[in-house]
Amino acid sequence: MMRLYKSSLVTLAHAKIVLSIFLLIIFCSDAFAQNTGFKVIPKEISEISGLYVANSNLIYVHNDSGDTSRFFAMDAKGNLISTIYFKGDVSNKHLGVTDCEDIAAGPGPVKNQNYIYLGDIGDNSSNRPYITVYRFLEPGKLSNKRQIKSEAVHLKYPNGAQDAETLMIDPISKELIIVSKRQDTVGMFSASIAFKDGDTITMKKEGNLFLPGKGMWKYVVSGDISRDGRQIILKTYTNVYYWLRNGRESISQTLHRPPTKLPYILEPQGEAVGFTPDGKFYYSISEGKNAAIYRYNIPVIPAKTLK
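Residues numbered from 1 in each chain as written. Predicted model: local features only at pLDDT ≥ 70, side-chain atom pairs only at ≥ 80, totals over all residues. Heavy atoms only, no water.

A. Quick peek at the pairing of strand 10 (residues 151–156). Both strand 8 (residues 131–137) and strand 10 contribute to a ladder of 5 bridges, which runs antiparallel. From the neighbouring strand, Y134 faces strand 10, where its bridge partner is A152. As paired elements, strand 10 and strand 14 (residues 200–202) share 3 bridges and run parallel to each other. Paired with L155 across the two strands is I201, which belongs to strand 14. (Pairing = 2+ DSSP bridges. Helix = DSSP H or I, 4+ residues; strand = E, 2+ residues; numbered from the N terminus.)

B. Local environment of the environment of R128. Positionally, R128 belongs in the loop between strand 7 (115–120) and strand 8. A relative accessible area of 15% means that R128 is categorised as buried. Between the C-alpha atoms of R128 and K156, which are 28 residues apart in sequence, the distance is 9.1 Å. Among all residues touching R128, those that are not within four sequence positions of it are T98, D99, D120, I121, G122, D123 and A161. Reaching out from R128, the side chain makes a polar contact with the side chain of D120 at a distance of 3.2 Å. (Buried < 20%, exposed > 50% of the residue type's maximum accessible area, 1.4 Å probe, protein only. Contact = heavy atoms within 4.5 Å. Polar contact = N/O pair within 3.5 Å; in protein donor to acceptor, adjacent residues only side chain to side chain.)

C. Main features of the pairing of strand 6 (residues 102–106). Of all 5 residues in strand 6, 5 are buried, a share of seventy percent or more. A two-sided burial pattern is seen for strand 6, the buried positions comprising D102, A104 and G106 on one face and I103 and A105 on the other. Here strand 6 pairs with strand 7 via 5 bridges, running antiparallel. Residue pairing in the sheet places A104 in a bridge with Y117 of strand 7.

D. Seen up close, unusual backbone geometry. Although it is not a glycine, N57 sits at a positive phi angle of roughly 70 degrees. Residue S126 is not a glycine yet carries a positive backbone phi of 50 degrees. Topologically, S126 is positioned in the loop between strand 7 and strand 8. Classification of S126 as partly exposed rests on a relative accessible area of 33%.

Okay, here's the thing in structure tokens:
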């Protein structure tokens, strides 16, 4: 995230992001009236950084740095349904996590079961010895507060520590995909989801990705792969980019083709994006108190834009 109590320079950078995007929102047209926004009421989730839309139509979300080892389930109107706690990293005695930045879902160790993956992958200073992804069997019944069993895999980059805010699960290759955030050309990294609890794995670099724009506006802050593995979206602070996969090609092959920009209303600090289970819509939510939940149609993409 861009909140930075860590240094005055980062605080200033964050302020510039919020102010600039706010000004852009004021002058933005109403071309995307298909979107519906609801207020996110619960104060517990005012720092949303990732979202996953379940088959039950619940939206699983989480806060980024500063929160404890927990995430949340809410409905599409922003009503908080459940706060879900898990055992985090015992080396982080106070919070259990460092900086959770994205959440995704997909297959796991038990066939025909759906799993939630929570990425404690943020590293503003690029100095963490490893990052951690937690895995949970998606709960069937939820209560106001619930403790859930977790597995964890510790991940290292092959080329040194990176800051990242994007975690995706590829149901075709059975891999988790992490996209770095800050570089002019970001990196794509993968690791198998066939890990055991407590494993430490060095990820494989799948390639690089260049997106248009300059500076912080092109930071990659979230992404998702549809349930069938055919659609991929990546979000920057100002755009949502879309790719349609050809067959069983790798994610890096897909992302090397020019993307299509999807409809998107600029948010104050939008860092969460995710497909609906049927892949026909996507949701976006910003950080901040009383943020809105937006749902967008995914338009039919002309074949010529997918070459």
